Amino acid sequence: MRVIRFIAAAVVLFIAQPVFAQEWDQYRNTEDRFTVSAPTTPPTVEKIQWKSEYDSIFPGTVYRWTQGQNKYSVTVVDYSNSEALFNANHHSDDFQGAAYWQIDILGSIQYAASQYRYKPGAKVTFDAFHYINLVTGHELQITNADQSKSMIAIYLHENRLYIFDATVAKGQPAPLIFQQSPEFLDENGKSVRYRTYYYNRLPEAKLGRGRAGAGGDGGGPNNGGAPQGGQPVAPGAPQAQPR
């Protein structure tokens, strides 16, 4: 009897795997330069305006999928024009310094994370540094007020903020396939790989109103600027495994 039950369970598992595989695929977006495993149904796409920590309004796009009660989304916010947008706004005397357009970018991951931490009824169960394919970022795991569970991964790559949000209904398995599959693409649509950990590099200041620690013109430990990104991996070169 035990043998029969084992065989029956194995058959169910064997049948279920192709069904699941047909429902999910690798979604590729060359405009916003990312890929992620997601439901095969095309995402709904919404253009948004993202208000930053220092009140600049950045263009963004949200890609959403729904599968039953489970919801998945990728939000992409383009911070590359931060200097011009910041200088075009009226700011209080406390925030007039030109460094704030850079701080807006540097703090964008933690600012985005704070939007989840302080959601009404949310209980944060994991909140820590994370990386995928050596691109550094942050991950949160949250139990929501309705007992659904969210896994949120946030990265900053080439001055684009990426928020991968997977929320599953109470009792559903953790959405690991969505959170462990993101990749970032170069201008030719090819997956980017790095030899070392990648930290976003600020764009070069163009308006000449002063900079914090040299900013985007070659930051690094020698001149006080932001850390440079990791170096791309040459074909066939060994690389660290993603976390």
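Residues numbered from 1 in each chain as written. Predicted model: local features only at pLDDT ≥ 70, side-chain atom pairs only at ≥ 80, totals over all residues. Heavy atoms only, no water.

Caption draft 1: The side chain of Asn133, seen in detail. Assignment of secondary structure puts Asn133 in the loop between β6 (123-132) and β7 (135-143). Among the polar contacts listed, one links the side chain of Asn133 to the backbone oxygen of Pro182, at a separation of 3.4 Å. (Helix = DSSP H or I, 4+ residues; strand = E, 2+ residues; numbered from the N terminus. Polar contact = N/O pair within 3.5 Å; in protein donor to acceptor, adjacent residues only side chain to side chain.)

Caption draft 2: Main features of the nonpolar core. Of all hydrophobic cores here, the largest spans 25 residues; its most connected members are Phe34, Val36, Trp65, Val74, Phe164 and Phe178. The element best represented in this core is strand β9 (residues 160-168), accounting for four residues. With residues near it in sequence (within four places) discarded, Val74 still touches Phe34, Val36, Thr61, Val62, Tyr63, Trp65, Ile163, Phe164 and Phe178. Trp50, Val77, Phe86 and Ile163 belong to the second-largest nonpolar core, a separate cluster that totals 24 residues. (Core = buried A, V, L, I, M, F, W, Y, C linked by side-chain atoms within 4.5 Å. Buried < 20%, exposed > 50% of the residue type's maximum accessible area, 1.4 Å probe, protein only. Contact = heavy atoms within 4.5 Å.)

Caption draft 3: Spotlight on a nonpolar patch on the surface. On the surface, Phe129, Tyr197 and Tyr199 cluster together to form a nonpolar patch covering roughly 300 Å² of accessible area. Within the fold, Tyr197 resides in the segment after β10 (183-184). (Patch = residues over 30% accessible without salt bridge, like charges linked within 9 Å, V, L, I, M, F, W, Y side chains within 5 Å. Areas by Shrake-Rupley, 256 points an atom, 1.4 Å probe, with all protein chains shown as cover. Salt bridge = Lys/Arg side-chain N within 4 Å of Asp/Glu carboxyl O.)

Caption draft 4: Expanded view of the sheet that holds β6. Here we have seven strands laid out as an open sheet, ordered β3-β4-β5-β9-β8-β7-β6, and antiparallel in their pairing. Looking at which strands have only one partner, the edges of the open sheet turn out to be β3 (44-51) and β6. The average angle at which neighbouring strand axes cross in this sheet is 20°, direction not considered. (Pairing = 2+ DSSP bridges. Axes fitted to C-alpha atoms, helices over the stretch in contact; angles between N-to-C directions.)

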